[in-house]
Amino acid sequence: MNALGMIEVYGFTTAIVVADKVAKTADVKIVAIDKNKPANADKVRVPLVMIVKFEGEADAVKAALEAGVAEAKRRDLFITSKVNAGFSPEAEWFAHLSALGRDKLHHP
């Protein structure tokens, strides 16, 4: 993996729409869509935080991230984003894990 992009948003539907935008914007691969219920879920607008993780060449990941962030902001459901490059094998394995179910990518 050259680079990993991550976009955190409120809500499952937003995550799916952002993942679609990311995948259609650049040559990247969606590696996981993960969830997290915030500790203060009763105090936030949408009680489910989602993160879309995708990988590819650094320039493609940056372009996809910009498009995904813009889509989440347009819906006013953006939280944060990050691009990381140059991972160890252990960190790359962790990036592919998903709390939405079993690890479908069969990484050891």
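Provided above is the structure to which this section pertains.
Residues numbered from 1 in each chain as written. Predicted model: local features only at pLDDT ≥ 70, side-chain atom pairs only at ≥ 80, totals over all residues. Heavy atoms only, no water.

Engineer: Help me understand the overall build of the protein chain, please; the structure alone is not making it clear to me.
Structural biologist: A tally of regular secondary structure across the protein chain gives three helices and four strands. The N-to-C order of helical and strand elements in the protein chain reads β-α-β-β-α-β-α. When each of the 108 residues of the protein chain is scored for burial, the buried share is 36%. When the accessible surface of the protein chain is split by element, carbon and sulfur atoms take 54% of a total near 6,300 Å². (Helix = DSSP H or I, 4+ residues; strand = E, 2+ residues; numbered from the N terminus. Buried < 20%, exposed > 50% of the residue type's maximum accessible area, 1.4 Å probe, protein only. Areas by Shrake-Rupley, 256 points an atom, 1.4 Å probe, with all protein chains shown as cover.)

Engineer: Is there a simple way to explain the packing of aromatic side chains in this structure?
Structural biologist: Here a ring pair, both rings aromatic, is described through the centre-centre distance and the interplanar angle of the planes. In total, this model carries zero aromatic pairs according to the counting rule given. The side chain of K73 reaches across the aromatic face of F78, ending 5.2 Å from its centre. (Phe/Tyr/Trp six-rings, centres within 6.5 Å; stacked < 30°, edge-to-face > 60°. Lys NZ or Arg CZ within 6 Å of the ring centre and 35° of its normal.)

Engineer: Is there a simple way to think about unusual backbone geometry in this case?
Structural biologist: Across the chain, the bulk of peptide bonds are trans and the bulk of non-glycine residues have phi less than zero. Here the phi dihedral of D76 falls at roughly 60 degrees; this positive angle occurs in a residue that is not glycine. Residue placement: D76 occurs in the loop between α2 (58–74) and β4 (78–85). Residue classification places D76 among the exposed positions, given a relative accessible area of 52%.

Engineer: What's the story with the packing of helix α1 (residues 12–25) against α2 in this structure? I'm lost.
Structural biologist: Across the interface, α1 lies against α2 with an axial gap of 8 Å and an inter-helix angle of 150 degrees. Crossing of α1 against α2: the hand is right-handed. For the pair α1 and α2, the contacting residues are V17, V18, K21, V22 and T25 in the first and A63, A64, A67, G68, E71 and A72 in the second. The residue makeup of the contact of α1 with α2, split by class, is seven nonpolar, two polar and two charged. (Axes fitted to C-alpha atoms, helices over the stretch in contact; angles between N-to-C directions. Left-handed = near helix turned anticlockwise from the far one by under 90°. Contact = heavy atoms within 4.5 Å. Nonpolar A, V, L, I, M, F, W, Y, C, P; charged D, E, K, R; others polar.)

Engineer: I keep staring at the environment of K82 and nothing clicks. Help me out?
Structural biologist: Inspection of the secondary structure puts K82 in strand β4. On a C-alpha basis, the gap between K82 and K62 in space is 9.2 Å, while along the polypeptide they are 20 residues apart. The contact partners of K82, leaving out residues within four places of it in the chain, are L4, G5, M6 and L65.

Engineer: Can you help me understand the sheet that holds strand β3 (residues 49–56) in this one?
Structural biologist: One key point about sheets: their strands pair by backbone hydrogen bonds, in either a parallel or an antiparallel sense. If you walk across this open sheet you meet the four strands as β2-β3-β1-β4, and the pairing is antiparallel. Unpaired on one side and paired on the other, β2 (28–36) and β4 mark the two borders of the sheet. For this sheet the average axis-to-axis angle between neighbouring strands, irrespective of direction, equals 15 degrees. Pairing between strand β1 (residues 3–10) and β4: seven bridges, direction antiparallel. Bridge assignment links I7 to a residue of β4, and that residue is S81. Running over the sheet, α1 touches β1, β2 and β3 and is turned about 170 degrees from β2. Across the sheet, α2 touches β1, β2, β3 and β4, and the angle it forms with β1 is around 5 degrees. (Pairing = 2+ DSSP bridges.)

In short, geometric facts, not functional conclusions.
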